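Structural characterization, general
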Amino acid sequence: HKSPKPPVPGPVPPPVAPPVAPPVTPPTPACNFSDVIITEIGSPNVASARYVEVFFRDCASKAPLTITEDIRIISNGREFPLQGKELPLSGIIVVCVSRNSHTSFFNFNGFESCDYEGDVANNDGTAPVSVNRGPAINNIVLDIFQPFPFTDGKAMRIKFPTNPVLPIPSQSYIPSQWIILPGNTPIGIGSGEVDKPKGLDPGVWYTPLIISEINDPVDSSPARYINIKSPYGGGTIVDNLWLVIFNESDGEPDYNSAVQLDNKVLGPDNEIRVCNSHVQNTSECNIVINDPNSPLPGNEGCYTVGIILILPGVNNYHIVDLYGRRGVSCAGSEFDFEGGTAVRKPEGYVPVSVWNPIQWIITTPEPIHLIITEVTDPSENLPKYRFVELYSPNKKNYVFQSSDDLYLVTYPQGSSFPERKLSLVGKKTDANGLVVFCTNNEYYQDRCNYVEGTNSVADTPGTFTVQIIKGATTIIDVYGGINVTGNFRDFTSGRVNRKDTSSGSNNYLISDWELTKPTSAQNTDPGCWNGIGNCAALPPIISDQLVLFITEVSDPQDVPSFRFVELYSPNKPNYKIVEGFTLKFSGNVIISDINLNGYETDSNGFIVVLVDNPGTEVVNLMKLNTVIDSYGKQGTIDWNFVDGRANRIGNGPSSFGVNEWTIDTNVNLSSSDPGCWNGIGDCTNPLPSPPNPAPAPSKGGKGGKGKTKTTRRMRKSKRV
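Residues numbered from 1 in each chain as written. Predicted model: local features only at pLDDT ≥ 70, side-chain atom pairs only at ≥ 80, totals over all residues. Heavy atoms only, no water.

Some thoughts on the packing of aromatic side chains
Per the counting criterion, the structure on display carries 35 aromatic pairs. Aromatic pair Tyr631 and Phe641: ring centres 5.7 Å apart, planes at 75 degrees, arrangement edge-to-face. Of the two residues, Tyr631 sits in strand β41 (residues 626–631) while Phe641 sits in the loop between β41 and β42 (644–648), which places them ten residues apart along the sequence. Three or more aromatic residues link up through ring pairs in this structure, and these residues are Tyr303, Tyr323, Phe335, Phe337, Trp355 and Trp360. Across from the ring centre of Tyr225, 3.7 Å away, lies the NZ or CZ of Arg273, which sits over that ring. The positively charged end of Lys421 is found above the aromatic ring belonging to Tyr407, 4.3 Å away from the centroid. (Phe/Tyr/Trp six-rings, centres within 6.5 Å; stacked < 30°, edge-to-face > 60°. Helix = DSSP H or I, 4+ residues; strand = E, 2+ residues; numbered from the N terminus. Lys NZ or Arg CZ within 6 Å of the ring centre and 35° of its normal.)

Observations regarding the sheet that holds strand β12 (residues 178–181)
Strand order across the open sheet formed by six strands is β8-β7-β2-β1-β11-β12, with mixed pairing between neighbours. Edge positions in the sheet fall to β8 (116–117) and β12, since each has one partner strand and no second. (Pairing = 2+ DSSP bridges.)

Notes on helix α1 (residues 99–106)
Every buried residue belonging to α1 is among His102, Phe105 and Phe106, and all of these are buried. End-on view of α1: buried residues confined to an arc of 85 degrees, all on one side of the axis. What points out from α1, more than 90 degrees from its buried face, is the exposed set Asn100 and Ser104. Looking one or two residues past α1, Asn107 carries a phi angle of roughly 55 degrees, positive in sign. (Buried < 20%, exposed > 50% of the residue type's maximum accessible area, 1.4 Å probe, protein only. Arc of directions from axis to C-beta.)

Things to note about unusual backbone geometry
With an omega of 0 degrees, the peptide bond running from Leu181 to Pro182 counts as cis. At Asn263, a position not held by glycine, the phi torsion is positive, near 70 degrees. The exposed category is assigned to Asn263, whose relative accessible area is 58%. Of note in this structure, Asn455 is not a glycine but carries a positive phi near 55 degrees. Structurally, the position occupied by Asn455 is in the loop between β28 (450–451) and β29 (465–470).

Digging into the state of the cysteines
Throughout the structure, instances matching the rule amount to seven disulfides. With its sulfur 1.7 Å from that of its partner, Cys275 forms a disulfide with Cys285. On the sign convention where negative is left-handed, the bridge of Cys275 and Cys285, at about -80 degrees about the S-S bond, is left-handed. Linking Cys275 in strand β17 (residues 271–275) with Cys285 in the loop between β17 and β18 (287–288), this pair joins segments that are ten residues apart in sequence. Given a relative accessible area of 2%, Cys275 falls into the buried group. When its relative accessible area of 10% is taken as the criterion, Cys285 is described as buried. Disulfide pairing places Cys302 opposite Cys330 at an S-S distance of 2.0 Å. Disulfide Cys302-Cys330: torsion about the S-S bond near -115 degrees, hence left-handed. Of the two residues, Cys302 sits in the loop between β18 and β19 (304–310) while Cys330 sits in the loop between β20 (317–323) and β21 (341–344), which places them 28 residues apart along the sequence. (Disulfide = S-S within 2.5 Å.)

Let's talk about the side chain of Glu617
Inspection of the secondary structure puts Glu617 in the loop between β39 (606–610) and β40 (618–623). For the buried Glu617, which has no salt bridge, the nearest side chain bearing the opposite charge is Arg563, at an N-O separation of 9.3 Å. Side-chain polar atoms of Glu617 contact the backbone nitrogen of Gly587, separated by 3.4 Å. With residues up to four places along the chain from it excluded, the contact list for Glu617 reads Ser586, Gly587, Asn588, Val589, Ile591 and Trp639. (Lys, Arg positive; Asp, Glu negative; His and termini not counted. Salt bridge = Lys/Arg side-chain N within 4 Å of Asp/Glu carboxyl O. Polar contact = N/O pair within 3.5 Å; in protein donor to acceptor, adjacent residues only side chain to side chain. Contact = heavy atoms within 4.5 Å.)

Notes on the nonpolar core
One recurring pattern in soluble globular proteins is that nonpolar side chains are buried together. Within the largest apolar cluster, 56 residues are counted, with the highest numbers of intra-cluster contacts made by Ile214, Leu243, Leu261, Val305, Ile307 and Tyr323. Once residues within four sequence positions are removed from consideration, Ile214 is found in contact with Tyr225, Ile226, Tyr303, Val305, Tyr323, Phe337, Gly340, Thr341 and Ala342. Ranked by size, the runner-up nonpolar core spans 31 residues in total, among them Cys59, Ile71, Val97 and Ile180. (Core = buried A, V, L, I, M, F, W, Y, C linked by side-chain atoms within 4.5 Å.)

Here's what the structure looks like:
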């Protein structure tokens with residue numbers, strides 16, 4: 001038995017190498033997480049509300065997303081890793097010390113301004129802050145802030161209005177990119193306090209604007225306006241910024257009058273001008289508020305105004321810049337610029353949430369000085385010739401403002417209450433500082449600045465008192481006296497002109513005035529005071545119509561045979577009547593009509609007619625069967641003047657009103673004054689009492705027959 005032969009060995013195959021995995025390419029990050037900058041550090045005194053804010057420039061447009069790189073915030077030996085954190089849509093992450101305390105401090109309604117908690121945010125304004133890639137040891141600094149102390153304030157990175165958004169991350173601190181508030185103590189012109197919490201801005205980053213000028217001209221041209229400026233470059237405003245007035249009552253914005261600045265384009269000087277409705281050239285203004293009642297930019301130069309950034313949620317906002325003090329009354333305050341301007345100094349072009357007065361130059365005009373210079377009631381004795389003239393030595397072409405609170409008022413003789421009152425708001429002095437209020441400008445033409453009509457402050461009988469008052473009762477200047485009487489100040493049929501002094505007085509001083517009467521309207525000078533203004537002579541008054549009215553009726557108890565009616569013409573002295581005037585009487589006594597044709601007024605314009613009227617008969621002055629003037633009224637008796645007289649107070653002719661007359665009973669002839677009325681005419685001596693009293697008259701109209709001695713005035717009168 002033979003064993004089989006072993007097989008012949010064949011060729012040995014080469015060894016097989018193990019499989020090699022294909023190279024792995026790391027995933028591309030969603031964005032460059034290293035493109036991150038510090039945008040704000042808040043250090044309020046409430047340590048638990050402090051925060052630090054960073055902005056991922058490249059990632060903002062791609063958010064929300066998760067941070068996949070080892071990015072850390074480092075400060076004062078503490079660090080906060082951002083890797084794995086969610087980046088909000090805004091591209092901003094805010095780390096605060098305590099979210100609960102932060103929320104309580106800022107009290108936002110529907111807006112969360114803190115994303116994460118971390119001790120790294122507990123910075124009292126003295127510690128540096130950096131954003132690094134990698135741990136504190138062996139890291140790369142991406143961006144850094146080296147502090148200038150800002151305790152109880154903030155350090156805010158300036159967002160320059162360019163594209164792409166600047167600044168960029170920097171491994172060295174660049175001071176010119178930061179606004180630090182308050183920044184120094186005491187606060188300087190380039191700094192300011194921070195309102196807590198409205199002046200702190202966690203969760204938002206924006207380009208700050210400032211208010212650079214507020215203008216409140218004393219008249220309406222040019223318009224009132226507010227200038228808004230970007231100290232950091234021009235372009236289009238892309239942030240949700242609004243210009244608002246803050247209510248004095250609660251210090252909150254008045255959203256009803258707010259002006260939106262978003263999408264507005266800054267002008268060549270990086271400015272926007274907001275004007276009110278008085279603007280005449282709209283090219284001067286970027287925004288015109290056409291509502292004349294809008295408080296912004298205002299009809300008065302007294303308010304607190306600011307720029308705010310509107311936040312999501314309800315009534316959430318940050319104060320970007322502020323002029324004035326919130327919740328403080330403006331009138332008379334340090335920020336009141338009524339009638340003037342508030343201009344910011346260029347070195348104060350720093351946005352502040354608490355007003356810094358040293359940043360501003362406020363110019364306001366001196367208070368207006370206003371006096372009465374002329375009041376007239378000329379001898380024509382017609383309301384249309386009356387006027388009141390005022391003068392301001394320091395306010396020419398000036399429109400009176402509501403803040404002036406000035407009024408022109410007049411008082412009837414003997415009254416404690418003003419009868420007529422005119423607010424001067426909106427009225428304007430002329431180029432000489434004068435302003436004239438007339439009843440009618442038919443004669444005075446353009447010498448009248450304002451025509452107020454009859455029964456106005458311009459319609460001033462010579463017995464009236466005229467005042468300029470401020471507010472309710474403060475007297476600035478006065479002619480006459482309240483609740484007093486006396487001919488020493490009565491300018492009926494004349495005028496009063498202030499002597500050459502520009503100082504008014506709250507007490508009437510007769511030495512300040514020159515009283516002239518009688519004098520005609522032609523001898524007055526509205527719009528001219530002692531050589532100031534238009535002092536050209538007025539033209540003669542052309543009037544062919546006789547003006548005639550009743551001024552006195554008399555039934556003297558001691559001499560009934562000298563009952564009379566006194567007539568007066570303010571424009572026709574020494575004139576023979578030809579116009580067909582007639583005196584007619586009505587009542588229980590038959591008295592014949594008296595045709596006045598051929599009767600002649602004396603040198604003062606009077607006619608005295610003896611008429612046997614026992615004080616009970618209505619007297620009508622007729623012209624061609626038309627009643628021109630009357631004394632008395634059928635069906636009433638309160639006007640009867642039996643054994644007495646009635647003297648006119650107001651001017652005629654007019655329909656009868658008993659309040660226009662002074663009625664006295666038990667009056668003797670010596671108390672009558674025929675040929676004299678309210679200081680006009682022959683008023684030098686009273687009539688003497690008769691030597692022998694006449695018998696009492698019968699009230700049927702037949703007077704007594706006793707004789708009496710009369711004066712020259714009576715002997716020249718007509719007897720019927």
